[in-house]
Amino acid sequence: MNFLQNSENPDHLRLPSSCVLCDLGKGSGEEFDTENYVLFRGKSCYVVLNAFPYAAGHMMIVPYVHEGDFVNLDDGLLLESIDLSRVAVNTLKEIYNPEGFNFGANLGRAGGAAFGDHVHFHVVPRWLGDTNFMTTLAHTRVIPEALSQTYMRIREGFKSL
Ligand SMILES: [Zn+2]
């Protein structure tokens, strides 16, 4: 099997196939990140707003490495992903004051993963009664804020890192 290697980050193997999460991880520069709602770039993971959120502020913590099996993620990456998840939760608490959170990963297609071959973690703010009739009956989500507005608000929370 052939792998492409990112010259800027030689530790991160890249598959030549198209993977949205890899593409977002590869990009850099303020303009690219703003356009793609990338909030923060760490050593082994980046944080991005979900383009199809379940709620305003739905974030994903995504390893740069294209790995589909959770058990293969290394200790340093897992530590950083948990740490960034904590920042995400804290930032959402300060901005949106949610009543709870969903935090975790959908592993594999049967587990509901949209990108089953690239493990990532979700942080979703929740409010009592937020799954309303639109979600249940019409499979439609009502998000009270534009993604660009959410991005500008939440990015401030990661600026202190
Ligand atoms: Zn990938």
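Refer to the structure presented above.
As a starting point, this report considers the structure included with it. (Residues numbered from 1 in each chain as written. Predicted model: local features only at pLDDT ≥ 70, side-chain atom pairs only at ≥ 80, totals over all residues.)

## Here's the deal with the sheet that holds strand E6 (residues 100-104)
The antiparallel open sheet is built from five strands, whose spatial order is E3-E4-E5-E7-E6. Two strands bound the open sheet, and with one partner strand each, they are strand E3 (38-41) and E6. For this sheet, the mean inter-axis angle between neighbouring strands, taken without regard to orientation, is 15°. In this sheet, strand E7 (residues 121-126) lies alongside E6 in antiparallel orientation, the contact comprising five bridges. In the strand pairing of E7, Asn102 is matched with Val124. (Pairing = 2+ DSSP bridges. Helix = DSSP H or I, 4+ residues; strand = E, 2+ residues; numbered from the N terminus. Axes fitted to C-alpha atoms, helices over the stretch in contact; angles between N-to-C directions.)

## Some details on unusual backbone geometry
Trans is the common state for peptide bonds, and a negative phi is the common state for residues other than glycine. Even without a glycine there, the phi angle at Tyr37 is positive, about 65°. Relative to the assigned elements, Tyr37 resides in the loop between helix H2 (30-36) and E3. Its identity is not glycine, yet Asn97 carries a phi of approximately 50°, on the positive side. Inspection of the secondary structure assignment puts Asn97 in the loop between helix H3 (75-96) and E6. Here Asn97 falls in the exposed class, since 9 other C-beta atoms lie within 10 Å of it. (Buried ≥ 20, exposed ≤ 12 C-beta atoms within 10 Å, placed from the backbone.)

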